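Structural overview
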Amino acid sequence: PLPNVLSEKDAVTLIEAPAGDHAVRNKAILEVMYSAGLRVAELCGMNTGDLDRDTNELRVRGKGSRERFAMLGQCARSAVAEWLSIRQPSPTIKRADADAMWLNRFGKRLSDRAVRNMVTKCCHRTGLDSRTSPHSLRHSMATHLLDRGAGLREVQELLGHRSLSTTQLYCHVSAQRLQEACNAHPHSREATT
């Protein structure tokens, strides 16, 4: 079964949900996951050098050691900039984690379990569907792009899928979009004389 897909309104609700000591970091995490359609492992593997602030391109290391580039929208860029202004690595951090983008309260690389727990807490706080997971943001991003007119091939590239059929599984077509497609059929309306 595929993860729950959020409406655009619910995606914003989730992104705005973080509170407490780590609210700035957590909001930036949710913005980046939604903007770039990242898997949780890709997010946790991010380093500060993976983001080119001039071009807003994000280098993503995905499944099978494949790399791709994703673009960050303005909301994600602003949230990341705010996070980086307060990010403080531990002085005793391992060399491999010194450049980690997302740090835990000990100043070390954030784990995927911590991200999953954060999403669960945000869903509980806001009353969003309890089936919502970090992967729900990836599915939601793909669906929302298609609903707004993006092509399937472009979404495939952004998600880093090898196969177009995989991308099709990720993209839930809204009822409104299906209705619009049906209305485009030449015999969908009564003939006028």
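Here the structure is shown first, and the text comes after it.
So, a few notes on the structure that sits alongside this text. Bear in mind the structure is a predicted one, so any value in this text is a computation, not a measurement.

Definitions and limits used
Residues numbered from 1 in each chain as written. Predicted model: local features only at pLDDT ≥ 70, side-chain atom pairs only at ≥ 80, totals over all residues. Heavy atoms only, no water. Helix = DSSP H or I, 4+ residues; strand = E, 2+ residues; numbered from the N terminus. Buried < 20%, exposed > 50% of the residue type's maximum accessible area, 1.4 Å probe, protein only. Contact = heavy atoms within 4.5 Å. Areas by Shrake-Rupley, 256 points an atom, 1.4 Å probe, with all protein chains shown as cover. Pairing = 2+ DSSP bridges. Axes fitted to C-alpha atoms, helices over the stretch in contact; angles between N-to-C directions. Parallel < 35°, antiparallel > 145°, perpendicular 65-115°, else oblique. Nonpolar A, V, L, I, M, F, W, Y, C, P; charged D, E, K, R; others polar. Lys, Arg positive; Asp, Glu negative; His and termini not counted. Salt bridge = Lys/Arg side-chain N within 4 Å of Asp/Glu carboxyl O. Polar contact = N/O pair within 3.5 Å; in protein donor to acceptor, adjacent residues only side chain to side chain. Phe/Tyr/Trp six-rings, centres within 6.5 Å; stacked < 30°, edge-to-face > 60°.

**Quick look at the overall build of the protein chain**
Along the backbone of the protein chain there are nine helices and three strands. Helices and strands in the protein chain line up, N terminus first, as α-α-α-β-β-β-α-α-α-α-α-α. With 193 residues in all, the protein chain has 40% of them scored as buried. Partitioning the contacts of the protein chain with sequence separation of at least 6, the portion at a separation of at least 24 is 56%. A total of about 11,300 Å² of accessible surface is found on the protein chain, and carbon and sulfur atoms cover 50% of it.

**Things to note about the environment of leucine 128**
Here leucine 128 lies in the loop between helix H5 (112–126) and helix H6 (134–147). Judged by relative accessible area, which is 12%, leucine 128 ranks as buried. Between the C-alpha atom of leucine 128 and that of alanine 11, which follows or precedes it by 117 residues, the distance is 9.5 Å. Discounting chain neighbours no more than four positions away, the residues touching leucine 128 are Asp10, Thr13, Leu14 and Cys123.

**So, the environment of leucine 43**
Along the chain, leucine 43 turns up in helix H3 (residues 40–44). With 67 residues separating them in the primary sequence, leucine 43 and leucine 110 have C-alpha atoms 9.3 Å apart.

**What about the sheet that holds strand E3 (residues 67–71)?**
In space, the three strands of this open sheet follow the order E1-E2-E3, with antiparallel pairing throughout. Unpaired on one side and paired on the other, strand E1 (51–52) and E3 mark the two borders of the sheet. Across two bridges, E1 lies against strand E2 (residues 57–61) in antiparallel orientation. Bridging from a neighbouring strand, aspartate 52 pairs with glutamate 57 of E2.

**Section: the packing of helix H1 (residues 8–16) against helix H2 (residues 23–36)**
Any two packed helices are characterised by how steeply their axes cross, that is the angle between the axes, and by the distance between the axes. Remark: H1 packs on H2, axes separated minimally by 8 Å, with the N-to-C direction vectors making an angle of 150°. On the basis of their axis angle, the class for H1 and H2 is roughly antiparallel. Contacts between H1 and H2 involve Glu8, Ala11, Leu14, Ile15 and Glu16 from the former and Lys27, Leu30, Glu31 and Tyr34 from the latter. In the contact of H1 with H2, the residues fall into five nonpolar, no polar and four charged.

**Brief notes about the side chain of arginine 87**
Structurally, the position occupied by arginine 87 is in the loop between helix H4 (74–86) and H5. Although buried, arginine 87 forms no salt bridge, and the nearest oppositely charged side chain, aspartate 99, lies 5.5 Å from it. There is a polar contact of 3.1 Å between the side chain of arginine 87 and the backbone oxygen of alanine 98. Reaching out from arginine 87, the side chain makes a polar contact with the backbone oxygen of alanine 100 at a distance of 2.7 Å. Beyond its immediate stretch of four places on either side in the chain, arginine 87 contacts Thr48, Ala98, Asp99, Ala100, Met101 and Leu103.

**Quick look at the packing of aromatic side chains**
Tallied over the entire structure, the rule returns one aromatic pair. Centroid distance tryptophan 83 to tryptophan 102: 6.3 Å. Interplanar angle 20°. Geometry classified as stacked. Of the two residues, tryptophan 83 sits in helix H4 while tryptophan 102 sits in the loop between H4 and H5, which places them 19 residues apart along the sequence. Take tryptophan 83: its relative accessible area is 7%, and that puts it in the buried class.

What is shown is where atoms sit, not what they do.
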